[in-house]
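A look at the structure
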Amino acid sequence: MVKLVKYLKPYAFGIILVLALLFGQAMCDLYLPNLMSRIIDGGVLAGRTDYILSTGLRMLFFAFLSGLAPVGVSFFGGRIAAGAAMALRRDIFAKVLSFTNAEFDKLSTASLITRSTNDVTQVQMLLLMGMGGLCYAPVMGIGGFIMAMNKSPSMGWIIGLAVLALLMAITVAYLLAAPRFELIQKLVDKLNLVSRENLSGMMVIRAFGTREYEENRFDTANKDVTKINLFINRVMVTVFPVINVIFSGTSILVIWVGSRQAASANIQIGDMMAFMQYAMQVIMSFMFIAVIFAAFVPRAAVSGARIAEVLTTESSVKDPESPKNFAPSQKGLVEFVNVSFRYHNADAYTLRDLSFTAKPGEMTAIIGPTGSGKSTAANLLMRFYDVTEGRITVEGADVREVLQHDLRQRIGYVPQKGVLLSGTVESNLKYGDPGASDEWMEKSAEIAQILGFIDEKEDRFQSEISQSGANVSGGQRQRLAIARALVKKPGIFVFDDSFSALDFKTDTTLRRALKEHTSGSTVIVIAQRVGTIMNADQILVLDKGRLVGRGTHGELLKTCPEYYEIASSQLSGEELGV
Amino acid sequence: MSGGSRPARRGPGGPHIVPGDKARDFKGSAKKLIEYMGAYKWLVLVVFILAAGAAVFAIYAPKVLARATDELVYGLFSAGGVDFTKIGRILLHTGALYLISTLVQWIQGYLMAGVTTNLTYRLRRDISQKLHRLPLSYYDATTQGEVLSRITNDVETIGVSFSQSITQVISSVATVIGITVMMLTISVTMTLVVLCTIPVTAVLAAFIIKRSQKYFKSQQEYLGHVNGHVEEMYGAHTAVKAFNGEKSSEEKFGEYNQTLYKSAWKSNFFSGLMMPATGFIGNLGYVAICLIGGYSAVRGAMTIGDIQAFIQYVRQFTHPLSQMAQVSNVLQSTAAAAERVFKFLGEEEELPEAADPKPVNRRSDAGVDIEFKDVAFGYSPDKIVINGFSAHIRPGQKIAIVGPTGAGKTTIVKLLMRFYDVSGGAVLVGGTDIREIRRGDLRALFGMVLQDAWLFNGTIADNIRYGRLGASGGDVRAAAEAAQVDHFVRTLPDGYDMILNEEAGNVSQGQKQLLTIARAILADPEVLILDEATSSVDTRTELLIQTAMDNLMHGRTSFIIAHRLSTVRNADLILVMRDGGIAEQGTHVELLQKNGFYAELYNSQFEAGVSV
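Before going into details, it helps to say that this report is about the structure given with it. Bear in mind that the values here come from a model prediction, so they are computed numbers and not experimental data. (Residues numbered from 1 in each chain as written. Chains lettered and ligands numbered in written order. Predicted model: local features only at pLDDT ≥ 70, side-chain atom pairs only at ≥ 80, totals over all residues.)

Observations concerning the overall build of chain A
Within chain A one finds 22 helices and twelve strands. Relative to its length of 578 residues, chain A is extended, with a C-alpha radius of gyration of 36 Å against a globular reference of 25 Å. Oriented by its inertia axes, the alpha-carbon framework of chain A measures out at about 115 × 60 × 55 Å. Residue pairs in contact within chain A that sit at least 24 positions apart in sequence constitute 77% of those at least 6 positions apart. (Helix = DSSP H or I, 4+ residues; strand = E, 2+ residues; numbered from the N terminus. Rg over C-alpha atoms; globule rule 2.2 N^0.38 Å. Contact = placed C-beta atoms within 7 Å.)

Pasting the structure below:
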C-alpha cells in the first residue's frame, strides 16, 4: 500500500485542500448544537427573543458554510480518486503488456485481470471514502468529544461508556461473522460449481439417469449455504437493535445525570441538550470508522498489495541496452544451438540440448507427444521466454541481443488456438501490418482458405469478430490466424499446431496453397498429426524435451521408433508404406 | 435510532443509485412470489406488523423523554426543587419503550431471516430440479450463464430485498407517518415547516440523481470497456506480442481510461453532492425549529422538552424518507428478478412419459435391435435437416458417424437417446417406438463417452461409479482396469479418493477420457455411444484410449463418432453427415464406389502420403 502513495503525490495540494474543507465543515457542524444551547439558555430561559433571532441567523450562516464545504470536497475528492485510479490503471496495464509468458505463468492471467480491474476499483473506492467520511468522521468524533467535555466534563464518562459498548458490540459481531464471510464465499462458489456442472453435464446426467444424485448434490450445497446465511443474517439482525439500545440508553443516561447536575447548578439545560447531541455525534463517528475498518480497509489493503506486486514485478525478458543488427545476408535463417530450457522453480528441463538449423525455402517440422517441449521451442524463438542454456540466433543475431520488436517483426507466428481480437476481419488480418494493401490481404485470405467464408459474409472484410474470435469456429479461427501471419510477409513462419482444428480436406488444400506462397521463407511447423508434416524437408522428433530423431518421413520411419509409434497410431499399414 | 443524531454520512462509494431493471408484469410477479411463499406469507405479515410496531414504540419514546426535560426545567424554576423520583420514573418509562421497541425489532428481524433463507433455499432447489426436467432443446436457445444467473443473482436479489429492503420500507413508512403525527401533536407550525423541506429536498435530490445517474451510467460503460480491453489483451498477450501490438493496445486503453476518468470524477462529484445537499436542507429545518421553537417557548406556547423532542424527530425524519424514495427501485428489481425466476420455473418441460409405458423388448439374446424408420428431424420446425432416414441395426453392429466439424454428428445420437423427439417417422428399439418407453428405461440401455469428458467435483471413485451408482469398490477398480486407467489412478496422491478439482485441471484431458470410459464400462450398457476424438492427447495415452475403447465395444452395438480409419472401415454402417443432415450412408466399400462426399473426405487425408 505504501508503494502506491506516490500516485497521490501530484494531488498533494488538492488533498490538503480537501482536508481543510472537511475540517471546516466539521467545525461548523459542531458549532450548531452549541448555538442551539445558547438559544435555550440565553434566549428561551432568559425570555430574550432578539437573542434568539440573532443566534438563529448565526446558525443559518454556519449551516450554509457546512453545506458548502462538502461541495468542494466532492469536487476535489472525486477528481483525485478518479485521477489516481486512472494513473494506476495506466501503469499496471503498460506493465502487464511488458510481461512475457513467464510472468503470466507466475501471476496467472485471471489474477492479472482482477488486479488491473477490481483491485484498482477497490483502491479508488477507499480513496473516495478517505476524501470524505473517513477523514470527516475522526474530526467529528474528536471535535464532538472536545465540545461535549467543554459543556460538561463530568459527564464525559457517559460517552466513553457508550463508545466502549458500541465497540464491544461491533467486535463481537465481527468475530462471529468474519470467519463465516470467508466460508460463505467458498460455499457459494461450491453451489455455483455444482450448478455449472449440472448444466455442462446435462447430456451425461440424462444418459446415466443420475438426476436424483445430482439433485442431492445440489441440495447438500444449497443447505450448507442456507445454514450459514441464516446464521449471518441473525447476527446482523441482532447487531442493529443492540446499537439502537446504546443510542437510546445514552440519551436517557445524559438526561438522568444531567438533571442532577443541573439541579446543583453545574450545567445549564441548553448545554445538557447540546451535550446529548455531541454524544450522539461521537458515537456515530466511531460506528462509521469501525464499519469502514472492518469492511473496507482490509479489502482495499489486500488489493493495494496485489497491485504493488504487479508494479514491482520486472519482465524476465528485457531488451538489450545496445541492440545488435541482423545480418541481411542470412535472411530467414534460424539456428538453435544446444538450447535448454527449464521453467523458473522447476527441477526438470522442458527442453534439453536442442540444436537445429531452419533454412529459408525449407520446411522444418517438430513433432512429439504433448509435454515433449514442441511449443516451448516456438516460445523460445519468439522470445516469450529466454533460454536457460545455449542460444538461438535469427538472421545471424542472438535473439537476446536484438530488440524484441525487431525480432518479432521478422516472424509470422500462428498460435495454437488462433487467438483473434475483437474488431473486424480486416483489423485482425492487418494486425501485424496495418499498412498492408487490400489486395494482399485478400490474397492472404485466399491462401489460408478462408476467403470463401469471408465472401459469404455480407460485410466481407468489415464483418465483426467478437472477443477472442468467439463468433467463428475453431477451424475458421486458425485459418484467419494463418492469414494474419501471411499479411505480415515475414521471412520466417512459425505454425504452432495451427492445423489441428481443420478437417483433413481443408488441412491438405491449405498446406498445398501455403507451400506455393511461402516458398522463399523459412517455415517451422509444430504438429501432432503426422499427415500434416510428412512432406517436410526435415522432421525433428521430440520426446520428453529431448531430440530423439531427425530426418525425413521415410528415414524416420526406419530409424526412429518414437516416430514410428506416432505414425502407426495415425496411419494404416498401407499408408505407412509397409 | 434515537437522539439528536446528525444525518448519516455518505456511505461507502457514495449513494450510487443503480438504475434498476423493471419487471414487465409487476403485479403478476408479485402475486406469484406471494403465492410461492405459501404458509410463510402469514408469517411475513406478522413480521410487517412487528416492524411497524417497533417503529411506533421508538417514535413514542422521545415524546416521553421530553417530559423529563420539562420536569427538570419546572423543578429548576419552582420553589419545590427538582423531583428526581418523577424524572426517574419518566426515564424508566422511556427506557422501557426503547427496550420493547428493540425487542420487537429483533424478533421481527429474527423471524424474517428465517423466512428469507427458507425462501431462497426453496427457490434454488426448485430451479435446480427444473434444470433436469427441461428438454435439451431449451438449452439450445439459452446460455449457461443465463440459467446460472437465475440461481445466483436473481435468487440473491430476492433474498436481500426480503431480508433488508422490504421490512425497512415497512418500518420507514410507519416511522414517517408516526413522526408526522407526533410532530403535529407538538406544533402544527413547526411540522408544516419541516414538511415544506420535503419537496425541496425531493426536487434537489431528483436533480442530482438525474445528473449523477447519467455519469454513473457512462462510468459503468467505460469501466466495462476498460475491463473488457484488459481481459482481451491479457488473454491474447502472445498474439499481441508476436505482432508487436503493444503500442496500439496501450493507445486504445489510454483513450478508454481517459473517458472513464472524466465520467468517474463527475459521477463521484454528483453523487457526493447528494448528502451535503440534503444535509443542508436538514440543517435549515434544524435552524428553523430552533428559531420557531425558541419564540414559542418564550411565549409559553411550548416547552423546552418539546423543542428537544422535536429536534429528535426531525433528525429521524430524513433517513426513512430517503429509504422510501428507493422503495420503487427495490420493489421493481425484486419483481424483475422474481419474474425471471418464475418464468424459468414455468418453462415447458419435457413431454410427459407415455401413459402406458412399454418395457424394452429384447427380441434376441444378443440384445436389442434399433431401427430408424423414415426419420425426419430439424432443430427448428422450419429447418428440417434430416429427411426420410431409415436404417436397421442388429445387435452387435458397429455404426460409424463421420463428417467435417459442425456437420451435426451428434444429432443421430440425440434422437436415439430421446434428447430430442423426431419431427416425423419413428425410432424403434426392439420394435417399440421409443416414445412409448419410459425415458429412464430407454437411456439405461446406452453408455456414453463424449469428447469433452464430463467429470464433476468429487472423488475419482465417485466419478467412475456414476455409471452405476450402487457399484462396489471392487467393481469400480475392475472398470478402471479395463479402461487402462487403474495404474494411473493409483499413482495419484489419494488414489481413487482423490478429489477432482474444478474442471478437473489436475488430471490431463486424456486421462479424463479414460475415466469416462471406465464409467461407461461400469454401466455395462447394451448400446455404446463413443466419440473417438483424441486431438489433444499424446500418442501413448491415445493408444491406451484405443485399447480401452476396443475393450468397451467388444460385443456391443456401438455408435461411434469416428476419426480413426480402422473404425470407419470395419463399420457395418457409415453415416456421412454434412450440414446437419445425412449426406450418404452405406459401408466403406459401397461409399468409395459411389465416389461421392465420403470418397472425397476419405481420399483427401492421404493424398500427401501416397508417395511414401
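The discussion continues.
Focus on the overall build of chain B
Helix and strand content of chain B: 20 helices and ten strands. Over its C-alpha trace chain B gives a radius of gyration of 36 Å, far above what one expects of a compact globule, namely 25 Å for 612 residues. Looking at chain B residue by residue over its 612 residues, the buried ones come to 46%. Long-range pairs, those at least 24 residues apart, make up 78% of the contacts in chain B with a sequence separation of at least 6. (Buried ≥ 20, exposed ≤ 12 C-beta atoms within 10 Å, placed from the backbone.)

Focus on the sheet that holds strand β10 (residues 581-586) of chain B
Think of a sheet as strands paired side by side through backbone hydrogen bonds, with each pair either parallel or antiparallel. Residues and elements named next belong to chain B. An order of β6-β7-β8-β3-β9-β10 is seen for the six strands of this open sheet, with the pairing classed as mixed. Whereas interior strands pair on both sides, the edge strands pair on one side only; in this sheet they are β6 (446-449) and β10. Taken pair by pair, the neighbouring strands of this sheet meet at an average axis angle of 15°, ignoring direction. The strands touched by helix α16 (residues 509-523) are β6 and β7 (527-531); relative to β6, the strand with the most contacts, the crossing angle is about 175°. (Pairing = 2+ DSSP bridges. Axes fitted to C-alpha atoms, helices over the stretch in contact; angles between N-to-C directions.)

So, the interface of chain B and chain A
Counting residues at the interface gives 132 residues for chain B and 136 residues for chain A. Broken down by element, the residue count for the side of chain B that touches chain A peaks at 28 residues, all from helix α8 (residues 246-299) of chain B. For the side of chain B that touches chain A, a count of residues per class yields 67 nonpolar, 48 polar and 17 charged. (Nonpolar A, V, L, I, M, F, W, Y, C, P; charged D, E, K, R; others polar.)

As for the nonpolar core
Core analysis: the largest hydrophobic core is formed by 230 residues, its most contacted members being Ala279, Ile283, Ala365, Val494 and Val525 of chain A together with Phe310 of chain B. It is α8 of chain B that contributes the most residues to this core, 22 residues altogether. There are two domains that each give this core at least three residues, and those are domain 1 (20-186 + 324-350) and domain 2 (188-301) of chain B. Listed in part, the 83 residues of the second largest apolar core include Ala400, Leu415, Val527 and Val568 of chain B. (Core = buried A, V, L, I, M, F, W, Y, C linked by C-beta atoms within 7 Å. Domains from an automatic or database assignment.)

Some points on the sheet that holds strand β1 (residues 370-377) of chain B
All names here are of chain B. Ordered in space as β2-β1-β4-β5, the four strands form an open sheet in which the pairing is antiparallel. Taken across any chain shown, the strands that pair with only one partner, and hence form the sheet edges, are β2 (386-393) and β5 (432-433). Where strand β4 (residues 424-429) lies against β5, two bridges are found, and the strand directions are antiparallel. Within the sheet, the bridge partner assigned to valine 429 lies in β5 and is threonine 432.

Some remarks on the packing of helix α3 (residues 84-133) of chain B against helix α5 (residues 144-186) of chain B
Residue and element names in this part refer to chain B. Contact pair α3 / α5: the axes reach a minimum separation of 10 Å and the direction vectors enclose 165°. By the angle class used here, α3 and α5 are roughly antiparallel. Every pair of crossing elements has a handedness; the one defined by α3 and α5 is right-handed. Taking contact as the criterion, the partners of Gln108, Met112, Ala113, Thr116, Leu119, Thr120, Leu123, Arg124, Ile127 and Ser128 in α3 are, on α5, Arg150, Ile151, Val155, Ile158, Gly159, Phe162, Ser163 and Thr167. (Parallel < 35°, antiparallel > 145°, perpendicular 65-115°, else oblique. Left-handed = near helix turned anticlockwise from the far one by under 90°.)

Some thoughts on the pairing of strand β6 (residues 411-414) of chain A
Residues and elements named next belong to chain A. The two faces of β6 match: Ile411 and Tyr413 on one face and Gly412 and Val414 on the other face are all buried. Sheet analysis places β6 next to strand β9 (residues 492-496), joined by four bridges and oriented parallel. Pairing of isoleucine 411 across the sheet is with isoleucine 492, part of β9.

From the geometry alone we can't say anything about function, so treat these as descriptive.
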